[in-house]
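Structural features, examined
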Amino acid sequence: MGKQTSIEQAAALIKDGDTIMVGGFMANGTPEKLIDALVAAGTKNLTLICNDTSFVDKGVGKMVVNKQFKKIISTHIGLNKETGRQMSAGETEVDLVPQGTLVERIRAAGFGLGGILTPTGLGTLIEEGKEKITVDGKTYLLEKPLFADVALLYAHKVDKAGNMIYKGSENNFNNVMASAARVTIVEAGELVEIGRIDPNLVNTPGVFVNHIVDGGAE
């Protein structure tokens, strides 16, 4: 059975209350057409795991404006004033996580680990409520894995088996998120036939991909 599906069918796989991961950094490397489909669908009460909330008119920022998230787990929100407003007003829960910690928590989920140990956040608000573990006399915070129901990714070129190639800095969180969700959907900037991608150039293998949408199609 082929992995290619329509953007609308892919968006319909995400249900109210789901946790989604979205690749990208300031919307670079974000699957914009999939995001637009979710905005149109109005799927709500979602939990977002993403590096940032982009801008009000780009990437996941459009979903923030549409009030589709009940919780956001992110490294910063400063570029999207609406996220800050919703947080201050108590409309949306925002969990700010150090960027390196966020990446490693996602990686831990994908690799089947029980968590990571990091000194980042010790002595700050970040350590509140978290378990501390001492190894060889040094104290660390135990940071638990971050899983998602669905990961929404973007790649510059994808073949119909789901093998992915990123261009430049598009590989912002996309690769690490591919293995950390129950279902992974990739939006292809260019969708090509199997065999058209040199295996040596593959950044993320298709084994991690469940569904592909053709983001380059008109």
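Note: the structure precedes this text.
Residues numbered from 1 in each chain as written. Predicted model: local features only at pLDDT ≥ 70, side-chain atom pairs only at ≥ 80, totals over all residues. Heavy atoms only, no water.

1. Details of the layout of surface pockets
As a volume, the largest pocket reaches approximately 160 Å³. Surrounding the largest pocket, Asp-95, Val-97, Arg-105, Gly-129, Lys-130, Glu-131, Leu-142, Glu-143 and Lys-144 form its lining. Per-class residue counts for the lining of the largest pocket are two nonpolar, one polar and six charged. (1 Å grid on protein atoms, 1.4 Å probe; cavity = no way out; pocket = protein on both sides within 12 Å on 5 of 7 lines; lining within 4 Å. Points joined across faces, edges and corners; volume = space filled by probe spheres on them. Nonpolar A, V, L, I, M, F, W, Y, C, P; charged D, E, K, R; others polar.)

2. Things to note about the pairing of strand β2 (residues 46–49)
For a regular strand, side-chain orientation follows a simple rule: the groups alternate between the two sheet faces. Taking every second residue as pointing to the same face, both faces of β2 are buried, with Leu-46 and Leu-48 on one and Thr-47 and Ile-49 on the other. Pairing geometry for strand β1 (residues 19–22) and β2, over three bridges, is parallel. Bridge pairing in β2 links Ile-20 to Leu-48. Taken together, β1, helix α2 (residues 32–41) and β2 constitute a β-α-β crossover, and its handedness is right-handed. (Buried < 20%, exposed > 50% of the residue type's maximum accessible area, 1.4 Å probe, protein only. Helix = DSSP H or I, 4+ residues; strand = E, 2+ residues; numbered from the N terminus. Pairing = 2+ DSSP bridges. Right-handed = clockwise from strand over helix to strand, strands pointing away.)

3. Digging into the pairing of strand β6 (residues 132–135)
Summarising the sheet, β6 and strand β7 (residues 138–143) pair through four bridges and their orientation is antiparallel. Each bridged residue has a counterpart across the sheet, and for Ile-133 the counterpart in β7 is Tyr-140. What sits between the antiparallel neighbours β6 and β7 is a turn of two residues, in which Asp-136 has the positive phi angle 50 degrees.

4. Section: helix α4 (residues 81–88)
Since one α-helical turn is 3.6 residues long, residues separated by three or four positions face the same way. Taken together, the buried positions of α4 are Glu-82, Thr-83, Gly-84 and Gln-86. Where the residues of α4 are buried, they touch α3 (61–65), β3 (69–74) and β4 (93–96). A side-chain oxygen of the first residue of α4 lies 3.0 Å from the backbone nitrogen of Glu-82; this N-cap is Asn-80. (Contact = heavy atoms within 4.5 Å. Polar contact = N/O pair within 3.5 Å; in protein donor to acceptor, adjacent residues only side chain to side chain.)

5. Notes on the sheet that holds β7
Two pairing modes exist for strands in a sheet, parallel and antiparallel, and in both the strands are linked by backbone hydrogen bonds. With respect to topology, three strands assemble into an open sheet ordered β5-β7-β6, the strand pairing being antiparallel. Of all strands in the sheet, those with a lone pairing partner are β5 (116–118) and β6, marking the two edges. Each strand of the sheet is rotated relative to its neighbour by a mean of 45 degrees, with strand direction disregarded. Sheet analysis places β5 next to β7, joined by three bridges and oriented antiparallel. (Axes fitted to C-alpha atoms, helices over the stretch in contact; angles between N-to-C directions.)

6. As for the nonpolar core
One finds Met-21, Leu-102, Ile-106, Val-158, Met-164 and Val-186 to be the most contacted residues of the largest nonpolar core, which totals 27 residues. By residue number, the principal contributor to this core is strand β8 (residues 148–159), which donates five residues. Apart from the residues lying within four places of it in its own chain, the contact partners of Met-164 are Leu-153, Tyr-154, Ala-155, Lys-157, Val-158, Val-186, Val-202, Asn-203, Thr-204 and Val-209. Core analysis: the next-biggest nonpolar cluster, separate from the first, contains 25 residues, Leu-48, Val-60, Val-64 and Ile-77 among them. (Core = buried A, V, L, I, M, F, W, Y, C linked by side-chain atoms within 4.5 Å.)

7. Brief notes about unusual backbone geometry
Backbone geometry at Ala-27 places phi at a positive 80 degrees, although glycine is not the residue there. Tracing the backbone through its elements, the reader meets Ala-27 in the loop between β1 and α2. With a phi angle near 75 degrees, Phe-173 is a residue other than glycine that sits in the positive phi range. When you line up the elements, Phe-173 lands in the loop between β9 (164–165) and α6 (174–177). Classification of Phe-173 by relative accessible area gives buried; the value is 10%.

8. Structural notes on empty space enclosed by the protein
In total, this model carries one cavity of 30 Å³ or more according to the counting rule given. Within this model, the largest cavity holds a volume of roughly 30 Å³. The class makeup of the residues in the lining of the largest cavity is five nonpolar, three polar and one charged.

Geometric descriptors of this kind do not, in isolation, establish any biological role.
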